[in-house]
Amino acid sequence: MRSQVSIVKCADYRQPQVWNKVKESIDLIGGIEKFVPSGSSVLVKPNLLMATPPETGVDTHPEVVRGVIKVLKEIGCKIYVGDGPSVWGRYAENVDSVYEQSGIKRVCIEEGVELVRFDKRRWRTHFPLTTWIDETQYLVSVPKFKTHEFTLLTGAIKNLYGLVSGTYKTELHKQYFERKSFSKILVDIYEQKRPALSVVDGIVAMEGDGPGTSGKPRQLGLLIAGPDAVAVDSVMAVIMGVKPLDVFTNKEAKARGLGETDINNIDILGERLADVRGRPFLLPVTSLRSRIPQPIVNIIKKFIRYRPVIRHEDCSSCGVCIEACPNKIISRRNGKTYIDYSRCIYCFCCQESCPNSAISIRKSLLARLVGL
Ligand code: SF4
Ligand code: SF4
């Protein structure tokens, strides 16, 4: 059967328009009961990267989450909302602050649904996932449409990384610090728990050096929904201006037969793809290496480096990156924060976690010389 993905225009987060548009995006692909039977217990998982207000565009907007809650309430579901806050190295975002500042707590209180913590875990092959996916019957994922300096795109599949229990996220980052191997882990998680449905918040998307505060919010005005997370990510890739198979998670998922990456084999309902593609997204600096054919990359990769650089003028000395670095190579000297590059694994956890956009990604001289 062909995969179906809906695209719906939604200019902003005003109520009740945004709720109606969320419902429209689900109705276009057959309605909620096609994916979640009435009366089911459902875990709704937004992408809550860090404790920032909705205006920053870093986290899934609470009104999109509310739209999903309302659709599920209409069919009498028992709804739980939760996400595992980001953990970078020894630094873990405080879940209470994340729920409070992102606006998710307020929405759950107002809608009378339970906001849960991913404290308990169960091992699945080589990683532990929250037991909330055992305790509920269905998962509805509500990702944010963003670029990602490590995986290029964070959408329906990358959102599932939040199911990994607490500090084990750091272990996975340390063990799988190459883009390809990390993408395989993300697809492993997808194999363990496939969402019944993904509804992507692309109303204010993010381009450039996402997914944290270093990315640039971009008014995109779209909601994208579908049951095949790979097809959803493939449609997102095309909207971004990249090929679906440039996203390693798509490539890996296609190799395992887990979803559709060929746009010609996806039924797109609602808006036409050609009508919603604007200028290509600004991509993360780190993604540029993927433009070179792999055999050449293998030869010159030592010389084409992208590294995190701390802009001291923007650094507030908060120490988050020191805690976040899984290799513990960031330290303070003479009142300034420095990175010991000799042991850097280029995971960019420091850049992702910095609350002040004080860490840039710089290209090596060769990368600049060859125009990458
Ligand atoms: S670089 Fe960012 S995270 Fe690191 S100490 Fe400075 S402000 Fe904090
Ligand atoms: S300094 Fe290097 S190893 Fe440490 S968090 Fe940043 S990119 Fe990762």
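Just so it is clear, the structure is predicted and the values come from calculations on it, not from any experiment.

Turning to the overall build of the protein chain, a few remarks are in order. Assigned secondary structure in the protein chain consists of 14 helices and 18 strands. Relative to its length of 372 residues, the protein chain is compact, with a C-alpha radius of gyration of 20 Å against a globular reference of 21 Å. Taking the principal axes of the C-alpha coordinates as reference, the protein chain spans close to 60 × 40 × 40 Å. Residues counted as buried form 58% of the 372 residues belonging to the protein chain. In the protein chain, once contacts between residues fewer than 6 apart in sequence are set aside, the share between residues at least 24 apart is 75%. Carbon and sulfur atoms form 49% of the exposed surface of the protein chain, whose accessible area is close to 15,200 Å². Distance between charge centres in the protein chain, computed from 53 positive and 40 negative side chains, equals 7 Å.

Side-chain positions along a regular strand alternate between the two faces of the sheet. Examined bridge by bridge, strand β7 (residues 121-124) and strand β8 (residues 127-130) share 4 bridges and lie antiparallel to one another. In the strand pairing of β8, Trp123 is matched with Pro128. Joining the antiparallel neighbours β7 and β8 is a turn of 2 residues, in which Thr125 adopts a positive phi near 45°.

Turning to the domain arrangement of the protein chain, a few remarks are in order. Partitioning the protein chain into structural domains gives domain 1 (3-276) and domain 2 (286-369). The interface is formed by 20 residues belonging to domain 1 together with 23 residues belonging to domain 2. Of the roughly 2,100 Å² buried between domain 1 and domain 2, counting both surfaces, carbon and sulfur atoms make up 52%. Connecting domain 1 to domain 2 are 0 salt bridges. The element best represented in the side of domain 1 that touches domain 2 is helix α6 (residues 168-175), accounting for 3 residues. Broken down by class, the residue content of the side of domain 1 that touches domain 2 amounts to 8 nonpolar, 7 polar and 5 charged.

All right, on to the side chain of Ser214 then. Considering the arrangement of structural elements, one finds Ser214 in the loop between β12 (197-208) and β13 (215-226). Of the residues examined, Ser214 reaches a relative accessible area of 18% and is grouped as buried.

Moving on to the environment of Pro62. Mapping Pro62 onto the fold places it in helix α2 (residues 62-74). According to the relative accessible area criterion, Pro62 is buried, its value standing at 1%. Residues Pro62 and Trp88, 26 residues apart in the sequence, show an inter-C-alpha distance of 24 Å.

Moving on, we get to α2. With 13 residues, α2 should reach 18 Å at 1.5 Å per residue; the first-to-last C-alpha distance of 18 Å fits that figure. Directly beyond the C-terminal end of α2, a positive phi value near 70° is found at Gly76.

All right, on to the pattern of salt bridges then. For the structure shown, the criterion picks out 27 salt bridges. Here Arg106 makes a salt bridge to Glu110, at a shortest N to O gap of 3.7 Å. Here Arg106 and its partner Glu110 are both found in helix α4 (residues 104-111), 4 residues apart, which amounts to about one turn of the helix. Through salt bridges that share partners, Glu63, Arg66, Lys70, Lys73, Arg106, Glu110 and Glu111 make up one connected network.

So, about the packing of aromatic side chains. Under the counting rule described, the total for this entry stands at 5 aromatic pairs. Centroid distance Trp123 to Tyr168: 5.0 Å. Interplanar angle 80°. Geometry classified as edge-to-face. Highlighted residues: Trp123 in strand β7 and Tyr168 in helix α6, separated in sequence by 45 residues. The class for Trp123 is partly exposed, based on a relative accessible area of 44%. For Tyr168, a relative accessible area of 17% corresponds to the buried category. Taken together, the aromatic side chains of Phe150, Tyr161 and Phe182 make up a single cluster linked through ring pairs.

What counts and what doesn't
Residues numbered from 1 in each chain as written. Chains lettered and ligands numbered in written order. Predicted model: local features only at pLDDT ≥ 70, side-chain atom pairs only at ≥ 80, totals over all residues. Heavy atoms only, no water. Helix = DSSP H or I, 4+ residues; strand = E, 2+ residues; numbered from the N terminus. Rg over C-alpha atoms; globule rule 2.2 N^0.38 Å. Buried < 20%, exposed > 50% of the residue type's maximum accessible area, 1.4 Å probe, protein only. Contact = heavy atoms within 4.5 Å. Areas by Shrake-Rupley, 256 points an atom, 1.4 Å probe, with all protein chains shown as cover. Lys, Arg positive; Asp, Glu negative; His and termini not counted. Charge placed at Lys NZ, Arg CZ, Asp CG, Glu CD. Pairing = 2+ DSSP bridges. Domains from an automatic or database assignment. Buried area = accessible area lost by both parts, 1.4 Å probe. Salt bridge = Lys/Arg side-chain N within 4 Å of Asp/Glu carboxyl O. Nonpolar A, V, L, I, M, F, W, Y, C, P; charged D, E, K, R; others polar. Expected span 1.5 Å × (residues − 1). Phe/Tyr/Trp six-rings, centres within 6.5 Å; stacked < 30°, edge-to-face > 60°.

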